Amino acid sequence: MLSRLLSERLYNELFAGGDIPFLTEIRLRTDKPLSYAERGVYKKMQDVVVGKDDIAYTLGIASRHSMYAVNDTLSKGYLTCGQGYRIGVCGEGVIKNGSLFTVKNINSLCIRVPHEVKGCCAQIAPMLDKVGNTLIVSPPGLGKTTMLRECVRLLSDKGHNILVLDERGEIAPISDGTCCVDIGDSCDIASGIPKIDAYRYLVRSMRPDIIATDEIFGRAEVEAVTDIARCGVKVIATVHADGIEDIFKSEEYKGLGRLIDCYVVLKGIGEIDAIYDRRELERCGR
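Summary of the structure given here.

Rules used in this analysis
- Residues numbered from 1 in each chain as written.
- Predicted model: local features only at pLDDT ≥ 70, side-chain atom pairs only at ≥ 80, totals over all residues.
- Heavy atoms only, no water.
- Buried < 20%, exposed > 50% of the residue type's maximum accessible area, 1.4 Å probe, protein only.
- Helix = DSSP H or I, 4+ residues; strand = E, 2+ residues; numbered from the N terminus.
- Pairing = 2+ DSSP bridges.
- Phe/Tyr/Trp six-rings, centres within 6.5 Å; stacked < 30°, edge-to-face > 60°.
- Lys NZ or Arg CZ within 6 Å of the ring centre and 35° of its normal.
- Axes fitted to C-alpha atoms, helices over the stretch in contact; angles between N-to-C directions.
- Parallel < 35°, antiparallel > 145°, perpendicular 65-115°, else oblique.
- Left-handed = near helix turned anticlockwise from the far one by under 90°.
- Contact = heavy atoms within 4.5 Å.
- Nonpolar A, V, L, I, M, F, W, Y, C, P; charged D, E, K, R; others polar.
- Arc of directions from axis to C-beta.

1. Details of the pairing of strand β14 (residues 262-268)
Then, in step 1: Most of β14 is tucked away, with six of its seven residues classed as buried.
Then, in step 2: Note: strand β7 (residues 134-138) against β14, four bridges, orientation parallel. Looking at the pairing, Ile136 lines up with Val264 of β14.
Then, in step 3: Both β14 and strand β15 (residues 271-277) contribute to a ladder of six bridges, which runs antiparallel. Looking at β15, one finds that Cys262 is bridged to Asp277.
Then, in step 4: A loop of two residues connects β14 with β15, the two strands running antiparallel in sequence, and Gly270 in this loop sits at a positive phi of about 70 degrees.

Written out as structure tokens, the structure is:
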């Protein structure tokens, strides 16, 4: 995918020394050095300056040369381009009727590189066997989605019917109607559907045992997840936070504290810092 997404010049420069084992991000900024993240550590290629043509090339490939066709996600600050790749977009906002309508004069791209790491959930597999509500917590870029994807695969292979709510096409990327990663045989994928709509309609119509969703954000999504759990459907999800203290102190997210049975906190890419059981937290006065 990267050989298509990047201009030939940038691709050849980036991989001149061979493969980059754990490439997680590539950043293109007009008239600035090409930079990338390897295992979360950013590196700049000072001699490789990104030009407007390089950004235009990547946008053309990602949008299939029709920015109008991708304006729905562009107006939300990102593009998806198959196989789990997501591109963050910055430029000049165009406001229409008080809302962001589109982005023009794009001058900065953040290409997120997906990974499929089987076995990364071995440490929490015993807790997954209990099928409790599970929340994976970390700052951005530490592998929450990768771990969530592997949890889905393990639970799916055990025969649980899982509804994957994949609004941004990152958990279970679809290409021509086919999932590009292994998520087991018992998954249904709602790709590109706003999470609130999926909560309202698909949970009832698909009758899942478990829903899996990435990056719970804001009170509306917390309330929707809480309602789902109240109906007896288990939840496995991720959230951006430094740790569980952020969850319990936040007015928007504290509702999750009454819902989640198991918290998995990451400290580095794919590295688990701590696992908390709700009963243990309650005994400690949480």
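Structure's up, so let's keep going.
2. Section: the packing of aromatic side chains
Then, in step 1: All chains considered together, the criterion is met by two aromatic pairs.
Then, in step 2: Taken together, a centroid distance of 4.9 Å and an interplanar angle of 45 degrees make the contact between Tyr11 and Phe15 tilted.
Then, in step 3: Note on Phe15: relative accessible area 16%, which makes it buried.
Then, in step 4: Between the aromatic rings of Phe248 and Tyr263, the centroid separation amounts to 5.9 Å while the plane-to-plane angle is 50 degrees, which identifies the pairing as tilted. Separated by 15 residues along the polypeptide, Phe248 in helix α9 (residues 244-249) and Tyr263 in strand β14 bring together distant segments of the chain.
Then, in step 5: Since its relative accessible area comes to 23%, Phe248 is described here as partly exposed.
Then, in step 6: Accessibility expressed as a relative area gives 0% for Tyr263, which makes it buried.
Then, in step 7: Above the plane of the ring of Phe101 lies Lys96, whose end atom (NZ or CZ) is 4.8 Å from the centre.

3. What about the packing of helix α7 (residues 195-206) against helix α8 (residues 218-230)?
Then, in step 1: Here α7 crosses α8 at 15 degrees, and the two axes come no closer than 10 Å. In terms of orientation, α7 lies roughly parallel with respect to α8. Note on packing geometry: the crossing formed by α7 with α8 is left-handed. Across the interface between the two elements, Lys195, Ile196, Tyr199 and Val203 of α7 pack against Ala220, Glu221, Ala224, Val225 and Ile228 of α8.
Then, in step 2: Of the residues belonging to the contact of α7 with α8, the class tally is seven nonpolar, no polar and two charged.

4. Here we look at α7
Then, in step 1: The set of residues buried in α7 consists of Lys195, Ala198, Tyr199 and Val203. Within α7, the buried residues cover an arc of 100 degrees as seen down the axis, which keeps them to one side. Turned more than 90 degrees off the buried face of α7, the exposed positions are Tyr201, Arg204 and Ser205.
Then, in step 2: Against the buried residues of α7 lie β8 (162-166), β12 (210-213) and α8.
Then, in step 3: A positive phi of about 45 degrees marks Arg207, the residue just after α7.

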